[in-house]
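Topology and contacts: notes
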Amino acid sequence: QVLDKLKSKYGELYRQDNVILSGTHTHSGPGGYFQYTLFWITSKGLSRPSLDAIVNGIVKSIDIAHENMKKGRLFINRGIVENSQINRSPFSYLANPESERNRYSSNTDKEMVTLKMVDENGQEMGFISWFAVHPVSMNNTNQLVNSDNVGYASYLFEREKNAGMLPGEGPFVAAFASSNLGDAKMCMAMGPGDDMFDSTRIIGQKIYSKAKELYENAFQEITGPISSIHQWVNMTNVTVELNATHTVKTCKPALGHSFAAGTIDGVGAFNFTQGSVEGDPFWDGIRDQVLGEPSNETKACHKPKPILFSTGEMTWPHPWHPDIVDVQIAAIGSLAIVAVPGEFTTMSGRRLREAVKREFDSHGKPQMDVVIAGLCNVYTHYITTYEEYQVQRYEAASTIYGPHTLSAYIQLYRGLARAIAMNTIQDLPRGPEPPVFNISSFTLVPPISVDRAPANKTFGDVLQDVRQQYRVREVVGVKFVGANPRNSAENVTEHNFLTVERYANASEGWHVVQNDASWDTRFYWDKGLLGQSTVTIEWHVPEGTEPGLYRIRYFGHYRKRVSISHTTSVPFQGQSSTFEITTL
């Protein structure tokens with residue numbers, strides 16, 4: 001959908017081969033935007049408004065970048081980030097050959113790569129930073145939309161560079177991208193802070209600090225041509241040449257029993273355990289009755305994985321997993337960005353990077369910097385090494401195309417690197433296009449009902465007001481007669497649910513100093529009963545807040561019935577009393 005919209009605006013300028021969508025992989029984002037059935041389950045289906053919001057936001061970002069495009073220079077730097085990640089499956093990592101492990105000082109990739117961008121006059125424009133870590137400082141009890149630790153790092157960097165601007169505004173863009181984060185997570189699912197917000201802040205601050213250091217010392221300039229290459233591949237049937245005499249194949253998608261066990265930053269339910277190489281007769285029996293038994297061919301292909309869900313053989317109401325997958329590389333001078341469609345583990349990523357670099361080396365492009373951009377274009381869960389796969393912890397059980405998935409990807413990406421190096425991109429077959437299912441909306445989420453205000457109240461009225469005075473580090477809270485926030489999300493392309501405003505004596509007017517994207521504000525909706533809901537807005541007053549008079553405003557839409565069969569959304573707003581922030 002992004003590409004369709006770009007084509008209608010820009011023709012052939014932005015294409016399948018030169019547009020990469022790479023998820024930062026926060027676990028606290030809106031769901032319901034993916035066409036494959038398995039990914040609908042947690043979001044209770046496909047939500048068209050959720051999909052539209054994400055598509056429109058991405059396209060708007062590209063529009064803004066396009067309108068502000070100018071000639072410039074690129075600089076690269078790299079460095080080690082300490083005390084920010086651990087390997088959550090060390091037992092799997094130890095299954096890799098000792099000789100290979102001995103080449104590395106850690107069981108996680110600690111290197112951060114930073115790409116700095118300035119215009120011809122040296123004016124700072126932004127950067128992209130790649131670092132392998134799961135953004136799960138916000139744990140699975142969180143219900144706030146949140147960009148997690150890498151989002152906080154971005155927030156800090158942009159706040160510094162776009163001084164006085166609200167989040168997402170201003171010319172400087174600080175992008176913190178994912179890499180081979182499959183088995184790399186923050187130091188603890190619970191910690192290192194007092195709560196998950198504090199943990200997010202602490203880890204985000206570490207990532208920001210390292211990125212800033214690398215950014216300020218990025219002096220190695222990247223020069224040379226730009227090229228990009230993309231191919232679709234049917235990952236269910238790739239023949240992999242292991243050596244001159246031996247070939248193996250990938251499999252139809254399937255998830256193992258350990259997938260249901262979850263991992264330490266999100267434990268599964270029931271009695272599933274990690275490292276399971278045998279099925280469970282009870283759960284296998286239920287699966288066979290409800291979803292159907294996996295074929296003997298799929299069972300044999302995935303060994304030693306005991307299959308819990310044979311998703312490649314499940315097609316109702318649409319296929320449960322993708323068969324056709326994107327592989328893609330963008331080369332900018334001496335930098336190769338390898339766009340991978342999933343979560344590569346630490347060692348898988350190392351093997352892929354080495355293989356791509358060797359391919360460039362052997363075809364006349366030495367000294368290429370190879371970075372892995374994670375979770376690109378389509379999601380295919382995890383990619384472990386063959387040795388890690390034998391252990392069948394969570395990541396291996398979620399390696400959906402079988403034990404030779406990594407070998408297949410290495411073979412495919414070597415082919416892309418070779419085509420770039422030898423200037424034969426035009427000769428590479430495009431591959432089979434994936435199906436696009438005509439899904440307008442398929443959801444078990446109840447439709448939005450009519451909103452109602454309590455007797456003698458109207459939408460936006462204050463139910464519980466602020467105090468007259470607060471100090472820095474205190475929490476300002478106000479509760480309003482609310483309405484379902486989906487009304488706003490589904491009817492307005494861009495909507496801000498709240499503002500914190502400061503009174504400026506000089507201009508005798510109110511000025512917005514925080515909004516719903518600010519780190520220090522929180523918006524809670526309580527559904528209530530019979531359409532009567534409430535909204536509570538909190539402002540956690542940060543250090544450095546200027547003393548003065550402030551107020552909090554709430555912006556929403558309520559759903560009103562205009563006839564038996566028709567409803568409409570009506571905008572409204574609410575406002576707290578004025579309060580004072582003091583330093584005493």
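None of the values given here were measured: they were computed from a predicted structure.

Cis geometry is adopted by the peptide bond preceding proline 304, which originates at lysine 303 and carries an omega value of 5 degrees. Mapped onto the fold, proline 304 is located in the loop between α8 (296-302) and β15 (307-309). Following tryptophan 316, the chain continues to proline 317 via a peptide bond in cis, the omega torsion being -5 degrees. Mapped onto the elements, proline 317 comes out in the loop between β15 and β16 (324-332). Positive phi, close to 75 degrees, is recorded for histidine 25, a residue that is not glycine. Relative to the assigned elements, histidine 25 resides in the loop between α1 (2-10) and β1 (45-46). Residue classification places histidine 25 among the buried positions, given a relative accessible area of 17%. Residues other than glycine seldom take positive phi values, yet leucine 530 does so here, at roughly 55 degrees. In this structure leucine 530 comes out as exposed when scored by relative accessible area, which is 73%.

A cluster of nonpolar side chains, contributed by Phe282, Ile286, Val290 and Leu291, occupies part of the molecular surface with about 370 Å² of accessible area. Secondary-structure assignment places leucine 291 in the loop between α7 (281-290) and α8.

For strand β23 (residues 469-471) and strand β31 (residues 579-582), the ladder comprises three bridges, and the chain directions are parallel. Pairing of glutamine 469 across the sheet is with glutamate 580, part of β31.

A word on the sheet that holds strand β27 (residues 521-529). Strand order in this open sheet of four strands is β22-β24-β28-β27, and the pairing throughout is antiparallel. For this open sheet the edge positions go to β22 (462-464) and β27, each flanked by a neighbour on one side alone. Neighbour to neighbour, the strand axes of the sheet diverge by 30 degrees on average, direction disregarded. The pairing of strand β24 (residues 475-482) with strand β28 (residues 532-540) spans eight bridges and is antiparallel. Residue pairing in the sheet places glycine 477 in a bridge with glutamate 538 of β28.

Okay, the packing of α1 against helix α2 (residues 48-67) next. Taken N-terminus to C-terminus, the directions of α1 and α2 make an angle of 35 degrees; their axes are 9 Å apart at the nearest point. The handedness of the crossing between α1 and α2 is right-handed. Two secondary-structure elements touch here, α1 through Val2, Lys5, Leu6, Lys9 and Tyr10 and α2 through Val55, Asn56, Ile58, Val59, Ile62, Asp63 and His66. A breakdown of the residues in the contact of α1 with α2 according to their chemical character gives seven nonpolar, two polar and three charged.

Our next topic: the state of the cysteines. Linking two cysteines covalently through their sulfur atoms gives a disulfide. Throughout the structure, instances matching the rule amount to one disulfide. Cysteine 251 shares a disulfide with cysteine 301; S-S distance 2.0 Å. Taking the torsion about the sulfur-sulfur bond, which here is approximately -85 degrees, the covalent link between cysteine 251 and cysteine 301 counts as left-handed. With a gap of 50 residues between them, cysteine 251 in the loop between β11 (247-249) and β12 (255-256) and cysteine 301 in helix α8 connect regions that are remote in the sequence.

Before going further, it helps to examine the packing of aromatic side chains. A full pass over the atoms with the stated rule returns 30 aromatic pairs. A ring pair is formed by tyrosine 554 and phenylalanine 572, whose centres lie 5.3 Å apart and whose planes are at 85 degrees; its orientation type is edge-to-face. You can see tyrosine 554 sitting in strand β29 (residues 548-561) and its partner phenylalanine 572 sitting in strand β30 (residues 567-575), a full 18 residues away along the chain. With relative accessibility at 11%, the residue phenylalanine 572 sits in the buried group. Taken together, the ring pairs connect Phe459, Phe480, Phe497, Phe523, Tyr554, Tyr558 and Phe572 into an aromatic cluster. One residue, lysine 161, lies across the ring of phenylalanine 172, its end atom 5.9 Å from the ring centre.

Residues Met235, Ile329, Leu352, Tyr409 and Tyr413 are the most contacted members of the largest nonpolar core, which totals 52 residues. Within the residue set of this core, elements represented by two or more residues are β9 (226-234), β16, β17 (335-339), α9 (346-362), β19 (369-373), β20 (382-383) and α12 (405-421). With eleven residues, α12 is the largest single contributor of residues to this core. Residues within four places of tyrosine 413 in sequence aside, it is in contact with Asp326, Val327, Gln328, Ile329, Val338, Ala339, Val340, Pro341, Leu352 and Val356. In this structure, Leu498, Val500, Trp539 and Tyr554 belong to the second largest nonpolar core, which totals 23 residues.

Right, let's talk about the pairing of strand β6 (residues 173-177) for a bit. Where strand β5 (residues 124-130) meets β6, five bridges bridge the pair, whose relative direction is parallel. Considered in β6, the bridge of serine 129 is made with phenylalanine 176. Running through helix α5 (residues 148-161), the crossover from β5 to the neighbouring parallel element β6 is right-handed.

In a beta sheet, neighbouring strands are held together by backbone hydrogen bonds and run either parallel or antiparallel to one another. What the four strands build is an open sheet, ordered β9-β16-β17-β19; its pairing is mixed. Each edge of the open sheet carries a strand with a single partner, namely β9 and β19. In this sheet, adjacent strand axes meet at a mean angle of 15 degrees when their direction is disregarded. Where β16 lies against β17, five bridges are found, and the strand directions are antiparallel. Bridged to alanine 330 within β17 is isoleucine 337.

Here is what the cut-offs are and how they apply
- Residues numbered from 1 in each chain as written.
- Predicted model: local features only at pLDDT ≥ 70, side-chain atom pairs only at ≥ 80, totals over all residues.
- Heavy atoms only, no water.
- Helix = DSSP H or I, 4+ residues; strand = E, 2+ residues; numbered from the N terminus.
- Buried < 20%, exposed > 50% of the residue type's maximum accessible area, 1.4 Å probe, protein only.
- Patch = residues over 30% accessible without salt bridge, like charges linked within 9 Å, V, L, I, M, F, W, Y side chains within 5 Å.
- Areas by Shrake-Rupley, 256 points an atom, 1.4 Å probe, with all protein chains shown as cover.
- Salt bridge = Lys/Arg side-chain N within 4 Å of Asp/Glu carboxyl O.
- Pairing = 2+ DSSP bridges.
- Axes fitted to C-alpha atoms, helices over the stretch in contact; angles between N-to-C directions.
- Left-handed = near helix turned anticlockwise from the far one by under 90°.
- Contact = heavy atoms within 4.5 Å.
- Nonpolar A, V, L, I, M, F, W, Y, C, P; charged D, E, K, R; others polar.
- Disulfide = S-S within 2.5 Å.
- Phe/Tyr/Trp six-rings, centres within 6.5 Å; stacked < 30°, edge-to-face > 60°.
- Lys NZ or Arg CZ within 6 Å of the ring centre and 35° of its normal.
- Core = buried A, V, L, I, M, F, W, Y, C linked by side-chain atoms within 4.5 Å.
- Right-handed = clockwise from strand over helix to strand, strands pointing away.

Take it as geometry only, folks, not as evidence of what the structure does.
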